[in-house]
Amino acid sequence: MGASQSNSQQGPLNSRQGQAGASEEAPHGRLHRIFDSDIWHSFSHSPITVLSAIITLLFFLAAIFAPLIAPYTPFQAGSLHLMDGFTPPFEQGMSGNFYVFGTDDQGRDVFSAIIYGARISLLVGFCAVLFAMVLGVTLGLIAGYRGGWVDTVIMRIADVQLSFPAILVALLIFGLAKAMIPRDYQENMAIYVLIISIGLSDWVQYARTVRGTTMVEKNREYVQAARVIGVRPAVILFRHVLPNVMGSVLVIATIGLALAIIAEATLSFLGVGVPPTTPSLGTLIRIGNDFLFSGEWWITIFPGIALIMLALSVNLLGDWLRDALNPKLR
Amino acid sequence: MMAQTDSSETPLLEVLNLRVEFPTRRGTLVAVDDISFDIKPGEVLGVVGESGAGKSLTGTAVINLLEPPGRIAGGEVRLKGQRIDNLPQEKLRHIRGRQIGMVFQDPLTSLNPLYTVGYQLEETIRTHMNMSEGQARKRGIELLSEVGISAPQDRIDQYPHQFSGGMRQRIVIALAVCANPSLIIADEPTTALDVSIQAQIIDLLKRLCHEQGTAVMLITHDMGVIAETADRVAVMYAGRLAEVGPVQNVIKQPYHPYTKGLMGAIPTVGQKLERLTQIDGAMPRLTEIPSGCAFHPRCPKAFDRCDTERPDPIAVEESKVACWLYDDARVLSGETEQ
Amino acid sequence: MTDVLQDKRPSVQPSGPLVSVQGMSKYFDVSPPFLTRVLQGRPRRALRAVDDVSFDIPHGSTFSLVGESGCGKSTVARLLVGLYQPTQGEIYFDGSAVSQLKTRRHLADFQRRIQIIFQDPYASLNPRWRVRDIIAEPVRTHRLLPEGAALRKRVAELLDHVGFSNKDGEKYPHEFSGGQRQRISIARALAGDPEFLVCDEPTSALDVSVQAQILNLMKDLQKELGLTYLFISHDLAVVSHISDYLGVMYLGRLVESGTASDIFNDPQHPYTRMLLDAIPDLEMSGRKRIPVAGEVPSPMAPPAGCHFHPRCPFADARCREEIPGITESKNVRVRCHAVEEGRLTPEVLAEAAAART
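Residues numbered from 1 in each chain as written. Chains lettered and ligands numbered in written order. Predicted model: local features only at pLDDT ≥ 70, side-chain atom pairs only at ≥ 80, totals over all residues. Heavy atoms only, no water.

Caption draft 1: Structural detail: the pairing of strand S3 (residues 62-66) of chain C. Residues and elements named next belong to chain C. In terms of residue burial, S3 counts as a mostly covered element, since five of its five residues are buried. Residues Thr 62, Ser 64 and Val 66 line one face of S3 and the alternating positions Phe 63 and Leu 65 line the opposite face, and both faces are buried. Taken together, the five bridges between S3 and strand S8 (residues 228-233) define a ladder with parallel strand orientation. Within S8, the residue paired with Ser 64 across the bridge is Phe 231. (Buried < 20%, exposed > 50% of the residue type's maximum accessible area, 1.4 Å probe, protein only. Helix = DSSP H or I, 4+ residues; strand = E, 2+ residues; numbered from the N terminus. Pairing = 2+ DSSP bridges.)

Caption draft 2: Structural context of the environment of Leu 12 of chain B. All names here are of chain B. As for its position among the elements, Leu 12 is in the segment before strand S1 (13-24). A relative accessible area of 5% places Leu 12 in the buried class. The sequence separation of Leu 12 and Gln 82 amounts to 70 residues, and the corresponding C-alpha distance is 9.8 Å. The contacts of Leu 12, once residues within four sequence positions are left out, are Ile 39, Lys 40, Pro 41, Arg 78, Leu 79, Lys 80, Ser 182, Leu 183 and Ala 215. (Contact = heavy atoms within 4.5 Å.)

Caption draft 3: Fine view of the pattern of salt bridges. For the structure on display, the rule yields 49 salt bridges over all chains. A salt bridge links Arg 253 of chain C to Asp 51 of chain C; the nearest nitrogen and oxygen atoms lie 3.5 Å apart. One end of the pair, Arg 253 of chain C, is in strand S10 (residues 253-259); the other, Asp 51 of chain C, is in strand S2 (residues 46-57), and 202 residues separate them in sequence. Residue classification places Arg 253 of chain C among the buried residues on the basis of a relative accessible area of 8%. A salt bridge links Asp 94 of chain C to Arg 113 of chain C; the nearest nitrogen and oxygen atoms lie 2.5 Å apart. Pair noted here: Asp 94 of chain C is in the loop between strand S4 (88-93) and strand S5 (96-97) and Arg 113 of chain C is in helix H3 (residues 104-113), with a separation of 19 residues, a long-range link. Judged by its relative accessible area of 14%, Arg 113 of chain C falls in the buried class. The structure contains a network of salt bridges with shared partners spanning Arg 19, Glu 21, Asp 33, Arg 71, Arg 240 and Arg 310 of chain B. (Salt bridge = Lys/Arg side-chain N within 4 Å of Asp/Glu carboxyl O.)

Next comes the structure, spelled out in structure tokens:
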């Protein structure tokens, strides 16, 4: 056990301790085990990570319960007070309503718009990551396990795609979709097209990582034992290999979520994202940008800060997760 | 600790109550727990034990190469009567290589892949001995031929990857002996090698040390290697010494129940047994070392006292045995000595 | 399949061997990539990992393969269980040629009857599965039992058989030590009620006291269930303890095979003699072990003729050129020109031993 003095010795030593705790007769149950684990220890001893987690959680809650939290309903034309337009932050509008982050030209509450915008941003980001993950993991598993020409074809496509910036790929797919979908449906389909274009631009990372891990795992004895038993390849892939590659996939997905949110904001800022009737954070920034130089800075600055905070916290969480799951860095 | 029974020679290396700890967030793990032994000049001391026994850590603790967070938490290490466990790293670096040579299991960890074998040999020789470049090279070629590498004048300019595993281990041995150290610590030097190569390396190590009068601390899990090489054997279990004694005694008439079980568990060629002796259970993890004698839960002869009191090494004939079964013997031998 | 763990030995022993390997070879393509070959004009290269190997394993016996690293013994193990396909030759299992098993039913039956245990106890169990699911995998794959009580009972039986309680089935592999994991591997291998177990260095990664536990367990199981073993090892002492029959491999070729007692008492091939000489002497009889000269050459470029000739003290011109055929000598089958020609008289051997010490 801890006898030899190699570099990797400290990791196993610590984790073995964790196991020793877990293998007791379990008088404390599952919850105790979570709080006793090494992951929880590394989490609770990193204040930045805890802060990021809290901010991320707040964004998620705000997005899910937007109608309950937002003081106003900014995208129902009837509820807007036009005379409250351009109210600066922390001031009362002419209608007597109070606006923390001020209002835009049409009298929309910027704070409420941010909450609803975060909802769209997170939704698009989440679905895009899920799409990219399912596609990338499946292709990566197949490429890594089959090898040969299947592997060559899949990975060459990935290489070609990697030589373009992801945002360019997304723009291209978005443009293609727009040309193919009839004009009447475009408004409704925009969000799905956005999800697919961001997802398609991001699957390569998953495929590459999963392929590499799969090639290692498929030569490990437990996979060989399954082959000798006569387990079918598809079952081996999904029941044996997949659970063992999910750790690294989770890390990529977390960082990928931040990237997808930024990609969505970029596309929306360029005006090719979601329509202004259901604005995301990116759309809000674009709208506000028009007023930035006429002095109404709050319309674009607050959504911008919100976007930075969200992307940064998710990113920091992903960074921590990568380190926590990597025994060599512990 | 007890005095050596035949203390005609002063020991070259003395280890007194050595303790190695690993602080972790769940408390301190004691990986080497209060062990004492010595090595006389020119003697081969075999340190055996199964994985987790702490034998490699003992070796690295002697030369203070423990990797953090591991640390020496108590005890003394004396080389020729002088304490070396509390020396600063620069002074230790001079002792390592000059007075203590090292051979590890994987020869690649001791060789730098970016430099030729000759460069590494010459550098080591010139660090420790007052020699010119030409002299050092000449000595390097001599050493290579001594460790059995053919055409040394050509091969000295090759890189480690151009040698096979067995040849690399020979080069590591050449590096270890190049400054004529008085002690070599060899940690599993043959474990990574094929059976036929193992015999060659053991032969080489024995021959060199015999010629130069170098003492060896040979750390291994392989009783066969010990039987062929060692003069005395220290058997470790769960970070403690179970038994120290002359190789004949430990291998043929072991005293400690653990050593007995260990010897019975090794199959031998030509002896067709239906079943091997087996010790049930496994070496305890460092987190769950039993009270009293660490071996008592697996011991077929354990009694009440083993559970509560930890046995100190007790002198039995020429051996020292940490086992309560021999407690009476201690009284007897103590009386006879006085 | 109730009481599957009871004595399954057929009441009438079939006449032929359970496993018969005939002229089996496995070449691996180790050519440089296509572009490199074209640009640098390099030819295709094949690594002969296993080269024309033949042996039989009778029902209920243990056949061991020994040899140093690179001799192809693990490749033989993987060929036998179907992880690799032989380049040449044929494997017969219970009388039928394995390459002729075409229907799904026959193939599944073959897969159930033959199982493997690997060397590394840490890599051979999926770390994300509970032990009970690991053990149940063969039963589920071949639908031998329905889900539910019958399957649970079977898993409990298997756990008990390798010395665990039923409760241990709920745990994950990391909660067990190396030796315990190897017992779990054995339980999984036994789950489909196989007849033939290939054991690829099952104890090499274990400590001696744990090795003894595993070897004892394997012997007990063989007696109880009438299992046939192919045991792969580099440790001659372990092999002598467990084997009925023995094959010695060197660089892909089977250089000597016969009953274990014949080979250990009177080895014929010079390589076998040297391997036996190199065993450490635990009896402390004062016998000095005689190291084999030289090292194993790279399997990529094995010497011509008899692969062993550069290290062999008895090699002559013929050994350097001609591949030795199989000779019967004193009950064992040997590939050696010197044995065939009767050159290895006791005087010659004594002289050679004296020269080396």
